[in-house]
Amino acid sequence: MQREVWEWIKSIVLAVVISLVVTSFITPLEVYSISMNPTLVEHDYLLLQNTHKIEKGDIVSFETDIPMAPDELGQLNWIQRLKGVSTKNLIKRVIAVEGDQILIQNGEVYVNGEELQEDYINEDYTTGDTYIEEVPQGKIFVMGDNRSHSLDSRNLGLVDMEKVQGKVLVRVLPVSKIGKVE
(Lines give C-alpha, C1' and ligand atoms only; values in the text may rest on other atoms or scores of the structure.)
Protein backbone atom coordinates (compact mmCIF):
# COMPACT_ATOMS: atom_id res chain seq x y z
CA MET A 1 0.00 0.00 0.00
CA GLN A 2 2.78 2.42 0.93
CA ARG A 3 4.58 1.73 -2.32
CA GLU A 4 1.40 2.39 -4.31
CA VAL A 5 0.87 5.75 -2.56
CA TRP A 6 4.50 6.66 -3.24
CA GLU A 7 4.05 5.83 -6.95
CA TRP A 8 0.98 8.07 -7.09
CA ILE A 9 2.86 10.93 -5.44
CA LYS A 10 5.77 10.56 -7.87
CA SER A 11 3.37 10.55 -10.84
CA ILE A 12 1.55 13.67 -9.65
CA VAL A 13 4.79 15.54 -8.96
CA LEU A 14 6.14 14.56 -12.39
CA ALA A 15 2.92 15.76 -14.08
CA VAL A 16 3.12 19.10 -12.26
CA VAL A 17 6.80 19.57 -13.18
CA ILE A 18 6.13 18.74 -16.85
CA SER A 19 3.17 21.15 -16.88
CA LEU A 20 5.28 23.96 -15.41
CA VAL A 21 8.09 23.36 -17.91
CA VAL A 22 5.72 23.30 -20.89
CA THR A 23 3.81 26.42 -19.79
CA SER A 24 7.04 28.35 -19.33
CA PHE A 25 7.62 28.04 -23.11
CA ILE A 26 4.07 28.04 -24.48
CA THR A 27 0.69 29.36 -23.36
CA PRO A 28 -2.73 28.20 -24.53
CA LEU A 29 -5.12 30.98 -25.53
CA GLU A 30 -8.71 31.27 -26.78
CA VAL A 31 -9.85 34.05 -29.12
CA TYR A 32 -12.82 35.97 -27.69
CA SER A 33 -13.39 38.73 -30.27
CA ILE A 34 -13.78 39.49 -33.97
CA SER A 35 -10.95 42.02 -34.16
CA MET A 36 -8.62 39.61 -36.00
CA ASN A 37 -11.16 38.31 -38.56
CA PRO A 38 -10.61 36.74 -41.05
CA THR A 39 -7.26 35.45 -39.73
CA LEU A 40 -8.60 34.43 -36.32
CA VAL A 41 -12.22 33.95 -35.32
CA GLU A 42 -14.00 33.63 -32.00
CA HIS A 43 -13.26 30.37 -30.16
CA ASP A 44 -10.09 29.58 -32.09
CA TYR A 45 -7.65 27.96 -29.66
CA LEU A 46 -4.04 29.02 -30.09
CA LEU A 47 -0.63 28.22 -28.66
CA LEU A 48 1.60 31.20 -27.93
CA GLN A 49 5.38 31.08 -27.79
CA ASN A 50 6.37 32.96 -24.63
CA THR A 51 8.87 35.41 -26.10
CA HIS A 52 9.66 39.08 -26.44
CA LYS A 53 11.50 38.52 -29.73
CA ILE A 54 8.82 40.08 -31.92
CA GLU A 55 8.97 40.98 -35.61
CA LYS A 56 6.69 42.88 -37.98
CA GLY A 57 3.84 40.66 -39.10
CA ASP A 58 3.80 38.53 -35.92
CA ILE A 59 0.47 38.11 -34.18
CA VAL A 60 0.89 38.77 -30.46
CA SER A 61 -1.14 38.68 -27.27
CA PHE A 62 -0.59 41.43 -24.74
CA GLU A 63 -1.96 42.63 -21.42
CA THR A 64 -3.97 45.85 -21.14
CA ASP A 65 -5.46 47.89 -18.33
CA ILE A 66 -8.94 47.61 -19.88
CA PRO A 67 -11.32 46.08 -17.31
CA MET A 68 -13.41 43.10 -18.36
CA ALA A 69 -17.18 43.46 -18.47
CA PRO A 70 -19.20 41.16 -16.18
CA ASP A 71 -20.26 38.94 -19.12
CA GLU A 72 -16.59 38.61 -20.18
CA LEU A 73 -15.60 37.61 -16.65
CA GLY A 74 -18.25 34.87 -16.88
CA GLN A 75 -16.49 33.40 -19.94
CA LEU A 76 -13.20 32.84 -18.09
CA ASN A 77 -12.11 29.29 -17.36
CA TRP A 78 -11.47 28.15 -13.79
CA ILE A 79 -7.70 28.70 -14.06
CA GLN A 80 -8.18 32.32 -15.16
CA ARG A 81 -10.66 32.86 -12.34
CA LEU A 82 -8.22 31.34 -9.86
CA LYS A 83 -5.49 33.73 -11.11
CA GLY A 84 -7.86 36.67 -10.56
CA VAL A 85 -7.85 37.86 -14.18
CA SER A 86 -9.86 41.09 -14.41
CA THR A 87 -8.35 42.98 -17.37
CA LYS A 88 -8.41 42.19 -21.06
CA ASN A 89 -5.64 40.63 -23.06
CA LEU A 90 -5.75 41.55 -26.74
CA ILE A 91 -4.51 39.73 -29.83
CA LYS A 92 -3.22 41.90 -32.69
CA ARG A 93 -0.79 41.92 -35.60
CA VAL A 94 2.52 43.80 -35.21
CA ILE A 95 2.67 46.53 -37.85
CA ALA A 96 5.77 48.42 -36.69
CA VAL A 97 8.61 47.79 -34.24
CA GLU A 98 11.11 50.08 -32.55
CA GLY A 99 12.82 52.46 -34.95
CA ASP A 100 10.03 52.25 -37.56
CA GLN A 101 8.03 55.21 -38.82
CA ILE A 102 4.28 54.68 -39.20
CA LEU A 103 1.77 56.71 -41.20
CA ILE A 104 -1.91 55.93 -41.65
CA GLN A 105 -3.49 58.36 -44.08
CA ASN A 106 -6.32 58.23 -46.63
CA GLY A 107 -7.06 54.64 -45.66
CA GLU A 108 -3.53 53.37 -46.39
CA VAL A 109 -0.82 52.17 -43.99
CA TYR A 110 2.81 53.11 -44.58
CA VAL A 111 5.79 51.81 -42.62
CA ASN A 112 9.10 53.57 -43.22
CA GLY A 113 7.57 55.32 -46.25
CA GLU A 114 6.41 52.11 -47.98
CA GLU A 115 2.75 51.17 -48.33
CA LEU A 116 1.95 47.86 -46.66
CA GLN A 117 0.42 45.19 -48.86
CA GLU A 118 -2.04 43.65 -46.43
CA ASP A 119 -3.88 40.75 -48.04
CA TYR A 120 -4.82 39.50 -44.56
CA ILE A 121 -7.12 42.40 -43.57
CA ASN A 122 -10.89 42.20 -43.65
CA GLU A 123 -11.46 45.41 -45.62
CA ASP A 124 -9.63 47.67 -48.06
CA TYR A 125 -9.57 50.79 -45.91
CA THR A 126 -7.84 51.55 -42.59
CA THR A 127 -9.54 54.30 -40.62
CA GLY A 128 -7.83 56.76 -38.31
CA ASP A 129 -5.06 59.08 -39.39
CA THR A 130 -1.90 58.34 -37.40
CA TYR A 131 1.68 59.49 -37.66
CA ILE A 132 4.56 58.31 -35.48
CA GLU A 133 7.96 59.54 -36.56
CA GLU A 134 9.79 56.75 -34.76
CA VAL A 135 8.50 53.89 -32.62
CA PRO A 136 10.53 54.17 -29.39
CA GLN A 137 12.67 51.42 -27.94
CA GLY A 138 10.66 48.77 -26.11
CA LYS A 139 7.40 49.58 -27.93
CA ILE A 140 5.42 48.15 -30.87
CA PHE A 141 2.51 49.39 -33.00
CA VAL A 142 -0.28 46.81 -33.43
CA MET A 143 -3.58 46.60 -35.32
CA GLY A 144 -6.32 44.03 -35.74
CA ASP A 145 -6.94 42.49 -39.15
CA ASN A 146 -10.61 43.50 -38.88
CA ARG A 147 -9.69 47.18 -38.84
CA SER A 148 -13.17 48.65 -38.42
CA HIS A 149 -13.81 46.45 -35.34
CA SER A 150 -10.45 46.58 -33.59
CA LEU A 151 -9.26 48.33 -30.46
CA ASP A 152 -5.54 48.71 -31.16
CA SER A 153 -2.61 51.15 -31.31
CA ARG A 154 -4.71 53.64 -33.27
CA ASN A 155 -6.79 54.08 -30.07
CA LEU A 156 -4.63 52.71 -27.26
CA GLY A 157 -1.23 53.94 -28.39
CA LEU A 158 1.95 51.95 -28.60
CA VAL A 159 2.23 48.65 -26.73
CA ASP A 160 5.00 48.20 -24.18
CA MET A 161 7.02 45.06 -24.94
CA GLU A 162 6.86 44.15 -21.24
CA LYS A 163 3.09 43.67 -21.68
CA VAL A 164 3.53 41.17 -24.53
CA GLN A 165 2.75 37.60 -23.45
CA GLY A 166 4.05 36.04 -26.63
CA LYS A 167 3.44 35.45 -30.30
CA VAL A 168 1.00 33.04 -31.88
CA LEU A 169 2.64 29.80 -33.03
CA VAL A 170 -0.24 27.60 -34.14
CA ARG A 171 -3.99 27.20 -34.06
CA VAL A 172 -4.98 23.90 -32.43
CA LEU A 173 -8.78 24.20 -32.67
CA PRO A 174 -10.97 23.90 -34.62
CA VAL A 175 -9.44 20.72 -35.99
CA SER A 176 -10.25 21.77 -39.57
CA LYS A 177 -7.91 24.79 -39.18
CA ILE A 178 -4.99 23.24 -37.26
CA GLY A 179 -1.68 24.76 -38.30
CA LYS A 180 0.50 27.82 -38.42
CA VAL A 181 -1.25 31.20 -38.27
CA GLU A 182 0.00 33.90 -40.62
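Residues numbered from 1 in each chain as written. Predicted model: local features only at pLDDT ≥ 70, side-chain atom pairs only at ≥ 80, totals over all residues. Heavy atoms only, no water.

The next thing to look at is the packing of aromatic side chains. Applying the stated criterion to the full structure yields 0 aromatic pairs. Between Arg93 and the ring centre of Tyr120, over which it is positioned, the NZ or CZ distance is 3.8 Å. (Phe/Tyr/Trp six-rings, centres within 6.5 Å; stacked < 30°, edge-to-face > 60°. Lys NZ or Arg CZ within 6 Å of the ring centre and 35° of its normal.)

This next bit is on the nonpolar core. By size, the foremost hydrophobic cluster in this structure holds 12 residues: Ile95, Ala96, Ile102, Ile104, Val109, Val111, Tyr120, Ile121, Ile132, Val135, Phe141 and Met143. Breaking this core down by element, the ones donating at least two residues are strand S4 (87–96), strand S5 (102–105), strand S6 (108–111) and strand S9 (139–143). With residues up to four places along the chain from it excluded, the contact list for Ile104 reads Val109, Thr126, Thr127, Gly128, Asp129, Thr130, Phe141, Met143 and Arg154. Counting residues in each nonpolar core, the second largest holds 11 residues, with Phe62, Leu90, Met161 and Val164 among its members. (Core = buried A, V, L, I, M, F, W, Y, C linked by side-chain atoms within 4.5 Å. Buried < 20%, exposed > 50% of the residue type's maximum accessible area, 1.4 Å probe, protein only. Helix = DSSP H or I, 4+ residues; strand = E, 2+ residues; numbered from the N terminus. Contact = heavy atoms within 4.5 Å.)

The 4 strands are arranged S7-S6-S5-S8 in an open sheet whose pairing can be described as antiparallel. What marks the edges here is a single partner per strand, and that holds for strand S7 (114–115) and strand S8 (130–132). Sheet analysis places S5 next to S6, joined by 4 bridges and oriented antiparallel. In the sheet register, Ile102 faces S6, and the bridge partner there is Val111. (Pairing = 2+ DSSP bridges.)

So, about a nonpolar patch on the surface. A contiguous nonpolar patch, built from Val5, Trp6, Ile9, Val13 and Val17 and spanning about 450 Å² of accessible area, is present on the exposed surface. Relative to the assigned elements, Ile9 resides in helix H1 (residues 2–25). The class of Ile9 is partly exposed, set by a relative accessible area of 42%. (Patch = residues over 30% accessible without salt bridge, like charges linked within 9 Å, V, L, I, M, F, W, Y side chains within 5 Å. Areas by Shrake-Rupley, 256 points an atom, 1.4 Å probe, with all protein chains shown as cover. Salt bridge = Lys/Arg side-chain N within 4 Å of Asp/Glu carboxyl O.)

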